[in-house]
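Structural characterization, general
Spelled out, the chains give:
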Amino acid sequence: MAQDKLRIEVQNLSCAGCAGRAERALQAVPGVSDVSINFATGTAQMQIDGADLHDITNALQAANYPAREATLTLAVSGMTCASCVGRVEDALRARPGVLEASVNLATEQAQVRYLPGATDPTELARAVTETGYPARPAEDLSDDQATRRAAEITHARRLTLVAGLLTLPVFILEMGGHVIPGFHALVHQTIGHQSSWMIQFTLTTLVLVWPGRGFFTRGVPALLKGAPDMNSLVALGTSAAWGFSTIALFAPGLLPSGARAVYFEAAAVIVTLILLGRWLEARAKGRTGAAIQKLIGLQAHTARVERKGKVTEVAIDTLGVGDIVHVRPGEKIAIDGEITSGHSHVDESMISGEPIPVGKAPGDSVIGGTINGEGALIFRATKVGRDTMLSQIISMVEEAQGAKLPIQSLADRVVRIFVPAVIAVALTTIAAWLFFGPDPALTFALVAGVSVLIIACPCAMGLATPTSIMVGTGRAAELGVLFRKGDALQKLDEAKVVAFDKTGTLTEGRPRLTRIDTANGHERDATLALIAAVESQSEHPIARSIEQAARDRGLTLPQARQVKAITGFGLSANVDGHDVLIGAERLMRREGIDTTPLATALARIAADGQTPVFAAIDGRLAALLAVADPVKPTSRAVIDSLHASGLKVAMITGDTQATAQAIAAELGIDHVEAETLPDGKVAAIDTLRARFGSVAFVGDGINDAPALAAADTGIAVGSGTDVAIEAADIVLISGDLSGVVNALHLSRATMRNIRQNLFWAFAYNTALIPVAAGALYPVAGLMLSPMLAAGAMALSSVFVLSNALRLRRVGAAMDRPDASHPPTPSAQPMPLHQ
């Protein structure tokens, strides 16, 4: 069975340790591999090879991190018997992420229990509809990620406000005397210290069992299972402060006389501050996913569809391939399709980044989410649901955001042992104060132990990498750079050399014939007709240019027979009884054909940076054709920018060495791999890697796919083929090479941001745990209050998130150039010569 990707949502993740334990639980499930859990988004990605969904959900449940499940009611029409019910149920159960499906024929409804993230209501409805039974969600389901994030923020705010209102009186009663002179005496004379302590006990207990309940319901089970997490630290710390204070209140005789004090305010303030930190975290996390929500917002919700001769407005999730869609002027195009009628200009800036609207006519394609101009269009839907370009972009960004970078491995190893180590440090701290501390030793031990437990939360470590990835990849998508794989962020940052394919990447990919020189008495037009007849059977851009040149001259092309492609060399065929051989000079050498008669013309063509194409007829040299492919206006500026970034630049091409060197000199390229066969590009990548180091390869054609996959980082130009894009790690949506510079800029900015976050997270814990344990007391007489420890812990996570959010302001390192930029000399056409 082939491996499939599964993406689900995981609950109860409150720190990096939680994510690590959930990850290990999934890795233990047979058939599950390549697990990556993103603490920031609460999602898990994995490869499944025959793994049972129930085993996956059971493993997460046993680890106390259950997968989020949802139920859906579908209204299904067209069912007439039990076999219809069976087909609908089978269609639903075949969808990834569906746990249960039950169909009721009488009510014409299907009840589905599924894993959000793996599928969604629209996909489930479409699966049933495609089976022949029209279906739609029976209710308006708006339980998407944005809605859940908003609910999470609201819930966190409510808990924080409740905890704050309950904590404020406790804090004033206990700490007011430090601010207001005579306040403690006033309390003693009015309600008395015993009553004050009783009020503090009541309010603090409410804080712990109401807004702070989650720390105990999650932390205690994790502790009992021997896998303590951040919640366990908070539960232990607040319980210690509350328990000590409760004994001092109700059974003071159990404590030494000098240790009879209460710390209810510490327990209450700790919970309140941590809840405040989580509220701020939730708000910041919501902003880290803003790019995804912006992309989702580009999708249309309805479309005007022609059915049974009438045009009606329907929900977009009911559209199918082949539907005829009408678009009025100024409307948003609902879905991907091919125009059948009408002329207009369409604003495709959201996909290409190009602000100038693109002219559209019958036969042209349109993309869902783009904006129609002043003309009316009618088009046939070609892609729906998750197959549309916008949905694919969203899916790519989500997958990249859920990835785990190699740099995170160190943090994961630390977090795995961090919480148990903190508990051990806290116990050691308590023991040290009890044995060596001054009186009241028990009080000092309690304060130091609780401070260690509270300040050492590994939240910042867990958030350091995923939040930066989320914001960085989201911002990249807005600038037209799609990181299909999250680890490409780090790999591109490590690149030492950027290698470019030539045709269609550095050049326009629209070559034209500029000259033809003949030999051995062959007449130009007759020879060109024979050559073009053979080239008409090829899809190569150079072949297209030669055929077009012949037709432009009004030549009649004879029929080519026995056409054979010679991979990496050229073509052979029989035309009007003549054996015709067309290709590179290496093909002529291989066939023993002397090219000396055209050596001068070859040198001139190579010096001009054009591509030479030889032709032989009946075993003798017949002609040499020159084909010019204009260099893209951006190419030189992109290469200069890469040089300024400290990178080497290489070009890999099948052109002759002389032609490749001429173009390299024109563009300032450092290294050339010329006369490379399609299957030799991978070897060229290996050569560059051995010489320079990590290689990023930029290409666009089908023959680039192996090199894109073999490179450390493959960058596909978005205007290229689907095969190339599928093999790449990064896709430049607009097809403009300035995206290479922007991808590098965003990669470096994101990795720099991640390193800053990791440094802060490690430095924070390394520096403050000894302070919390009382390291400053012997030299400065200072003890860190548990309340300050809670505040510092909350602020550390907020700092990391705020730092990651700075990536939203990263601009393009290189703007798209003026399209009117004059072509380079190698692109100038030349007259045909004989």
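Residues numbered from 1 in each chain as written. Predicted model: local features only at pLDDT ≥ 70, side-chain atom pairs only at ≥ 80, totals over all residues. Heavy atoms only, no water.

Our next topic: a nonpolar patch on the surface. On the surface, Leu-168, Phe-171 and Ile-172 cluster together into a nonpolar patch covering about 260 Å² of accessible area. Tracing the backbone through its elements, the reader meets Leu-168 in helix H5 (residues 145-175). (Patch = residues over 30% accessible without salt bridge, like charges linked within 9 Å, V, L, I, M, F, W, Y side chains within 5 Å. Areas by Shrake-Rupley, 256 points an atom, 1.4 Å probe, with all protein chains shown as cover. Salt bridge = Lys/Arg side-chain N within 4 Å of Asp/Glu carboxyl O. Helix = DSSP H or I, 4+ residues; strand = E, 2+ residues; numbered from the N terminus.)

Across all of its chains, the model carries seven aromatic pairs by this definition. Ring geometry for Phe-201 against Trp-242: centres 5.9 Å apart, planes inclined by 25°, an arrangement best described as stacked. Of the two residues, Phe-201 is situated in helix H7 (residues 192-209) and Trp-242 in helix H9 (residues 230-250); the sequence distance between them amounts to 41 residues. Ring plane angle 80° and centroid distance 5.2 Å describe the contact between Phe-201 and Phe-250, whose orientation is recorded as edge-to-face. Here Phe-201, found in helix H7, pairs with Phe-250, found in helix H9; they are 49 residues apart in sequence, far enough to count as distant. Residue classification places Phe-201 among the buried positions, given a relative accessible area of 17%. Accessibility expressed as a relative area gives 47% for Phe-250, which makes it partly exposed. Its end group placed over the ring of Phe-569, Arg-586 keeps NZ or CZ at 5.7 Å from the ring centre. The cationic tip of Arg-590 hangs over the ring face of Phe-569; the distance from NZ or CZ to the ring centre is 4.8 Å. (Phe/Tyr/Trp six-rings, centres within 6.5 Å; stacked < 30°, edge-to-face > 60°. Buried < 20%, exposed > 50% of the residue type's maximum accessible area, 1.4 Å probe, protein only. Lys NZ or Arg CZ within 6 Å of the ring centre and 35° of its normal.)

This part is about the sheet that holds strand S5 (residues 98-104). Taken in spatial order, the four strands line up as S5-S6-S4-S7 in an open sheet, and their pairing is antiparallel. Because the sheet does not close on itself, it has two edges, and the strands there are S5 and strand S7 (135-137). Recorded for the sheet is a direction-independent mean angle of 25° between the axes of neighbouring strands. One ladder, built from six bridges, connects strand S4 (residues 70-76) with strand S6 (residues 109-114); its direction is antiparallel. Following the sheet pairing, Ala-70 is matched in S6 by Tyr-114. (Pairing = 2+ DSSP bridges. Axes fitted to C-alpha atoms, helices over the stretch in contact; angles between N-to-C directions.)

Counting residues in each nonpolar core, the largest one holds 132 residues, and the members touching the most others are Ile-8, Met-46, Ile-56, Ile-274, Phe-500, Leu-642 and Ile-730. Among the elements that line this core, the one with the most residues is helix H28 (residues 738-773), at 14 residues. Sequence-distant contacts of Ile-730, that is, excluding residues within four places in its chain, are made with Val-481, Leu-482, Phe-483, Arg-484, Ala-488, Leu-492, Thr-713, Gly-714, Ile-715, Ala-716 and Ala-743. Counting 28 residues, the second largest nonpolar core, distinct from the first, contains Ala-549, Val-575, Ala-615 and Val-627. (Core = buried A, V, L, I, M, F, W, Y, C linked by side-chain atoms within 4.5 Å. Contact = heavy atoms within 4.5 Å.)

Feature annotation in UniProt assigns "transmembrane region" (unreviewed entry) to the following positions: residues 159-183, 195-212, 233-255, 261-280, 414-436, 442-465, 758-777 and 783-805. With 85% helix and 0% strand, the stretch residues 758-777 has end C-alpha atoms that lie 29 Å from each other. Taken end to end, residues 783-805 is 87% helix and 0% strand, and its two terminal C-alpha atoms sit 34 Å from one another. (UniProt positions renumbered as here; feature names shortened; annotations may be inferred.)

What follows concerns the pairing of strand S18 (residues 497-501). Most of S18 is tucked away: five of the five residues are buried. Along S18, one buried face is formed by Val-497, Ala-499 and Asp-501 and the opposite face, lined by Val-498 and Phe-500, is buried too. Across five bridges, S18 lies against strand S25 (residues 648-652) in parallel orientation. Residue Asp-501 lies in a different strand from S25, and its bridge partner there is Ile-652.

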